[in-house]
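# Commentary on secondary and tertiary structure
The lines below spell out each chain.
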Amino acid sequence: MSEEIEQSIGCIALVVENYDDAIEFYTNKLRFTLVEDTDLGGGKRWVQVSPPNSNGTNLLLAQASSDEQKNAVGNQTGGRVFLFLHSNDFWRDYEFMRSKGVVFHEAPREEEYGTVVVFQDLYGNKWDLLQLNKNKGK
């Protein structure tokens, strides 16, 4: 009898310029929860944030420590949308983020799969805020 395979992605590393600025942006402007902030010594920290009531992957905020990493801040995917923030109430979250000064690249739009808008984080990484239609995936 074979054992069922179970896997999940625990964290996605996001290279940031500064731990505290990133924590402030994600917790105050996107309402994420600070899951962990552990001092690892030598100026390094293990910092994880997560959307409210998320049951999945956390963002690991990794402060850039080399020139190569510093050059990747804000452009980890070459200008493409990098992360997808799913919402159960698009307009609530859109209006909250807008009130907090989050930069949007377009007006919200209705697509076959749901309601979506592209926004950027404090470093310029592109995200989709997305509410999927029932029984639709992107």
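Residues numbered from 1 in each chain as written. Predicted model: local features only at pLDDT ≥ 70, side-chain atom pairs only at ≥ 80, totals over all residues. Heavy atoms only, no water.

For the protein chain, an unreviewed UniProt entry supplies the name Glyoxalase family protein and the organism Pseudoalteromonas phenolica.

### A look at the overall build of the protein chain
Within the protein chain, the secondary structure is distributed over three helices and nine strands. Along the three orthogonal principal directions, the C-alpha set of the protein chain runs to about 55 × 50 × 25 Å. The proportion of buried residues among the 138 residues of the protein chain is 33%. Summing over all exposed atoms, the protein chain offers an accessible surface of approximately 8,700 Å²; the carbon and sulfur share of this is 44%. (Helix = DSSP H or I, 4+ residues; strand = E, 2+ residues; numbered from the N terminus. Buried < 20%, exposed > 50% of the residue type's maximum accessible area, 1.4 Å probe, protein only. Areas by Shrake-Rupley, 256 points an atom, 1.4 Å probe, with all protein chains shown as cover.)

### Quick look at the layout of surface pockets
Taken as a whole, the largest pocket holds about 700 Å³ of empty space. Contributions of two or more residues to the lining of the largest pocket are made by β4 (58-63), β5 (81-86), α3 (90-99) and β9 (126-132). Along the lines of polarity and charge, the residues of the lining of the largest pocket split into 13 nonpolar, eight polar and three charged. Broken down by secondary-structure element, the contributors of at least two residues to the lining of the second largest pocket are β3 (44-50) and β4. It is β4 that contributes the most residues to the lining of the second largest pocket, four residues altogether. Split by residue class, the lining of the second largest pocket holds seven nonpolar, five polar and two charged. (1 Å grid on protein atoms, 1.4 Å probe; cavity = no way out; pocket = protein on both sides within 12 Å on 5 of 7 lines; lining within 4 Å. Points joined across faces, edges and corners; volume = space filled by probe spheres on them. Nonpolar A, V, L, I, M, F, W, Y, C, P; charged D, E, K, R; others polar.)

### A word on the sheet that holds strand β2 (residues 33-41)
Within the open sheet, the four strands sit side by side as β1-β4-β3-β2. Their pairing is mixed. Every interior strand has two partners, whereas the edge strands, β1 (11-16) and β2, have only one. The average undirected angle you get between the axes of adjacent strands in this sheet is 25 degrees. Where β3 meets β4, three bridges bridge the pair, whose relative direction is antiparallel. (Pairing = 2+ DSSP bridges. Axes fitted to C-alpha atoms, helices over the stretch in contact; angles between N-to-C directions.)

### Concerning the nonpolar core
Of all hydrophobic cores here, the largest spans 29 residues; its most connected members are Tyr26, Leu59, Leu61 and Phe119. Put simply, the parts of the chain that give this core at least two residues each are β1, α1 (19-29), β3, β4, β5, α3, β8 (114-120) and β9. Sort the elements by how many residues they give to this core and α1 lands first, with five residues. Not counting residues within four places of it along the chain, the set of residues in contact with phenylalanine 119 comprises Leu30, Leu85, Met97, Val102, Val103, Phe104, His105, Asn125, Lys126, Trp127, Asp128 and Leu129. (Core = buried A, V, L, I, M, F, W, Y, C linked by side-chain atoms within 4.5 Å. Contact = heavy atoms within 4.5 Å.)

### Structural notes on unusual backbone geometry
One non-glycine residue, arginine 31, adopts positive backbone phi at about 65 degrees. Positive phi is not limited to glycine here, since asparagine 53 has a value of about 60 degrees. Locating asparagine 53 in the fold gives a position in the loop between β3 and β4.

### Structural notes on the environment of tyrosine 19
Along the chain, tyrosine 19 turns up in helix α1. Residues tyrosine 19 and alanine 64, spaced 45 residues apart in sequence, show a C-alpha to C-alpha distance of 9.4 Å. Filtering out sequence-adjacent residues up to four positions away, tyrosine 19 remains in contact with Gly43, Lys44, Arg45, Val47, Leu61, Ala62 and Gln63.

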